[in-house]
Amino acid sequence: MSHFDNLHSLTSSITAVTSPLRQYLHELHSKYHPLTDGVVANYIPELALADPALFGIAVVTTDGQIFEVGDSTTLFTSQAISKAFVYGLALEDHGRDYITSKVGLEATGEAFNAILLDEKNNRPYNPMVNGGAIAITNLIKGQHPTERLKRILDMFKRYTGHSHDISMPVFLSEKATGHRNRAMAFLMLNVGIVSDNLEETLDLYFQQCSILVTARDLAMMGATLANGGVNPITQERAIDAQYVQDVISVMLTCGMYNYSGEWACRVGIPAKSGVGGGITAVVPGQLGIGTFSPLLDDKGNSIRGIKVYQDLSKDFGLHLFNATRCDRDLNAWTKGSPVDARS
Ligand code: GLU
């Protein structure tokens, strides 16, 4: 049994103790659960089966406290959230200069699946759009496909503290229908950005997008980045410290699709969204946040998720560039609670 499992069996019985933050998250959940705007993703047929009522919120502090409400332990596919973390692995594999020569760092203002290349610099615009993410996946080292996939799964495990499965139905569904991504990959092959093992790279990309996670996992992954790359519970290092700020920066500039600029102004918390309905976010030095609700807006972001982050940012002054003191002191709100404050 891992340190993480032990901790959870130890703390799962502690449910009676409340904390102000846990109470606050409950209120947030009740406030936005009735919201039924948006649609579940349907361009990957298997994702259209998601239950629109699901809604979970989790917060993990860098000192290892977990606060969660609703469907915070329901599994769903990470989708584009994987892109941020695989980017970190590629940086470890090749270093910053080489990776930036292959994939840029500028937001596009276009949809995540736009067939678009920065032709001046002959590379995808950034690692969060599909083209950039496929090029990054292409660079993940490994002797053979299984080893490359295992390296990605091992990385997820370092961030969350437990092993992950892949949703075979979602993987096969996207493999069968992901022609747009295939077109983008061929375009990149044509200009020499990716190597010619395209089907292998696309499979790996579809597999990383199909890794099953929970809102709690997303909060733990965010908290690991917030904690300088070290999982706050297991104390295992998930990513070389020197690349943590690269990953967080690209989340802030490009993590929320073509809403990233507005998100940076309104919410100001580096985050990455996926069409499975998840959002993971990082408040450097303080916490990670994870939300899951599969109802999406027209850009691909979870509608309830955005609402939750807007409130958290405003109520606790979490905007990265907030220069004024906030009424509510988050540190005070997390005190006096058990390590696992699940309702
Ligand atoms: N697997 C999805 C795709 O490539 C990921 C998209 C997303 O979550 O933004 O279309």
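The model shown is predicted, which means the values in this text are computed figures rather than measured ones.

Draft legend 1. Molecular detail of helix α7 (residues 168–177). Among all positions of α7, only Val170, Phe171, Ser173 and Glu174 are buried. End-on view of α7: buried residues confined to an arc of 165 degrees, all on one side of the axis. The secondary structure elements touched by the buried residues of α7 are β3 (76–77), α8 (179–190) and α9 (198–209). For α7, the capping residue at the N-terminal end is serine 167, with a side-chain oxygen 3.2 Å from the backbone nitrogen of valine 170.

Draft legend 2. Representation of helix α5 (residues 130–138) within the structure. Of all the nine residues making up α5, nine are buried; the element is thus mostly covered by neighbouring parts of the structure. The secondary structure elements touched by the buried residues of α5 are α3 (81–94), α4 (96–102), α6 (145–160), α8 and α9.

Draft legend 3. Quick peek at the site of the ligand. Close contacts around the ligand come from Tyr43, Gln79, Ala80, Phe112, Asn130, Glu174, Asn181, Tyr205, Cys209, Tyr257, Gly274 and Val275, and that covers them all. A distance of 2.7 Å is found between a nitrogen atom of the ligand and a side-chain nitrogen or oxygen belonging to glutamine 79. Side-chain polar atom of glutamate 174 to a nitrogen atom of the ligand: 2.7 Å apart, as the coordinates give it. Taking 300 Å² as the accessible area of the ligand by itself, protein coverage stands at 99%. Residue composition of the shell around the ligand, grouped by class: seven nonpolar, four polar and one charged.

Draft legend 4. Structural view of the packing of aromatic side chains. Per the counting criterion, the structure on display carries nine aromatic pairs. Pairing tyrosine 24 with tryptophan 333 gives two aromatic rings, centres 6.0 Å apart and planes at 85 degrees, and the pair type is edge-to-face. Here tyrosine 24, found in helix α2 (residues 20–32), pairs with tryptophan 333, found in helix α14 (residues 330–334); they are 309 residues apart in sequence, far enough to count as distant. Take tryptophan 333: its relative accessible area is 22%, and that puts it in the partly exposed class. Linked through ring pairs, Tyr24, Phe316 and Trp333 together constitute an aromatic cluster. Stacked on the ring of tyrosine 257, the Lys or Arg lysine 272 has its end atom at 4.6 Å from the ring centre. Sitting above the plane of the phenylalanine 55 ring, arginine 304 keeps its charged end 5.4 Å from the centroid.

Conventions and cut-offs
Residues numbered from 1 in each chain as written. Predicted model: local features only at pLDDT ≥ 70, side-chain atom pairs only at ≥ 80, totals over all residues. Heavy atoms only, no water. Buried < 20%, exposed > 50% of the residue type's maximum accessible area, 1.4 Å probe, protein only. Helix = DSSP H or I, 4+ residues; strand = E, 2+ residues; numbered from the N terminus. Arc of directions from axis to C-beta. Contact = heavy atoms within 4.5 Å. Polar contact = N/O pair within 3.5 Å; in protein donor to acceptor, adjacent residues only side chain to side chain. Near = heavy atom within 4 Å. Areas by Shrake-Rupley, 256 points an atom, 1.4 Å probe, with all protein chains shown as cover. Nonpolar A, V, L, I, M, F, W, Y, C, P; charged D, E, K, R; others polar. Phe/Tyr/Trp six-rings, centres within 6.5 Å; stacked < 30°, edge-to-face > 60°. Lys NZ or Arg CZ within 6 Å of the ring centre and 35° of its normal.

The values are spatial; any link to function lies outside them.
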